[in-house]
Amino acid sequence: MTEILTPRLLLRRWHDDDIAFMAEINADPQVMRWIGDGSVRDFDSTAEAVERWEEEWDEEGFGLFAVELLASGELAGFVGLSVPEFLPEVLPAVEIGWRLGRQFWGQGYASEAACAVLEFALRDRGLDRVISIARVGNDASENVMRKLGMLPERETTHPVYGFPLRVHAIDLTEFS
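Please read these numbers as outputs of a predicted model, since none were measured by experiment. Residue positions are given per chain, counted from 1 along the sequence in the order it is written. Thresholds applied to this predicted model are a pLDDT of at least 70 for local features of residues and 80 or more for the giving and counting of side-chain atom pairs; totals over whole chains, interfaces and linings are not thresholded and use all residues. The side-chain values count all of the structure's non-hydrogen atoms but skip hydrogen atoms and water molecules.

Peer 1: Just give me the short version of the pairing of strand β4 (residues 75–82), but keep the residues and values in it.
Peer 2: Each residue is assigned to one of three classes by its accessible area relative to the maximum for its type, calculated with a 1.4 Å probe on protein chains only: buried under 20%, partly exposed between the two thresholds, exposed over 50%. Only DSSP runs of H or I reaching four residues or more are called helices, and only runs of E reaching two or more are called strands; each is numbered from the N terminus. Along β4, 8 of the 8 residues are buried, which leaves the element largely enclosed by surrounding structure. Relative to β4, strand β3 (residues 64–69) runs antiparallel, the two sharing 5 bridges. Among the inter-strand pairings, F65 is bridged to a residue of β4, identified as V79. Two strands make a pair as long as DSSP finds a minimum of two bridges between them. In this antiparallel pair of consecutive strands, β3 and β4, the connection spans 5 residues, and G73 shows a positive phi of 80°. With 6 bridges joining them, β4 and strand β5 (residues 95–100) adopt antiparallel strand pairing. Bridging across to β5, L81 finds its partner in I96.

Peer 1: Just give me the short version of the nonpolar core, but keep the residues and values in it.
Peer 2: What is meant by a nonpolar core is a set of buried Ala, Val, Leu, Ile, Met, Phe, Trp, Tyr and Cys residues, joined one to another through side-chain atoms within 4.5 Å. Within the largest apolar cluster, 34 residues are counted, with the highest numbers of intra-cluster contacts made by L11, L81, I96, W98 and V130. Within the residue set of this core, elements represented by two or more residues are β2 (9–12), β3, β4, β5, α4 (109–123), β6 (129–135) and α5 (139–147). It is α4 that contributes the most residues to this core, 9 residues altogether. Setting aside anything within four residues of it in sequence, one finds L11 in contact with T2, E3, I4, T6, F65, A66, V67, A113 and V117. Here, two residues are considered to be in contact whenever any of their heavy atoms come within 4.5 Å of each other.

Structure representation (structure tokens):
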């Protein structure tokens with residue numbers, strides 16, 4: 001079982017009892033406003049998503065980590081790696097992404113977890129490049145990307161929803 005410890009977080013594979021907590025995060029319109037078409041997700045769609053994330057772990061050897069606060073054991077959301085199949089123009093690529101509950105925003109958790117995931121991508125999975133994709137205007141996510149040392153690479157349009165996207169990238173051989 002793949003786990004990463006940071007000073008304040010445990011990044012781990014998913015448990016069945018995580019689904020209800022992740023469903024609460026996915027049901028928050030403020031959290032979901034930058035994801036896909038901005039729709040909230042219910043328990044069943046969250047359960048399906050967690051199942052797909054776990055399948056990606058089995059197929060790719062990486063995936064989205066459940067992020068647990070060490071101090072309280074609370075599930076804060078996810079941070080991890082995935083293949084951005086929704087945007088074929090960037091393939092082959094591996095994307096780092098995150099989604100945290102609103103009560104966990106602004107505390108550095110996304111940056112802390114994402115930094116650990118980039119190190120995992122380089123050292124454990126041998127990846128030399130990772131991208132991150134944000135809807136233009138999602139300043140909070142782009143701030144995390146900058147903190148990670150990622151640089152804007154291109155702007156494009158979401159192939160389904162038509163809104164502008166910005167793709168950031170980092171060469172992990174230069175990641176410190």
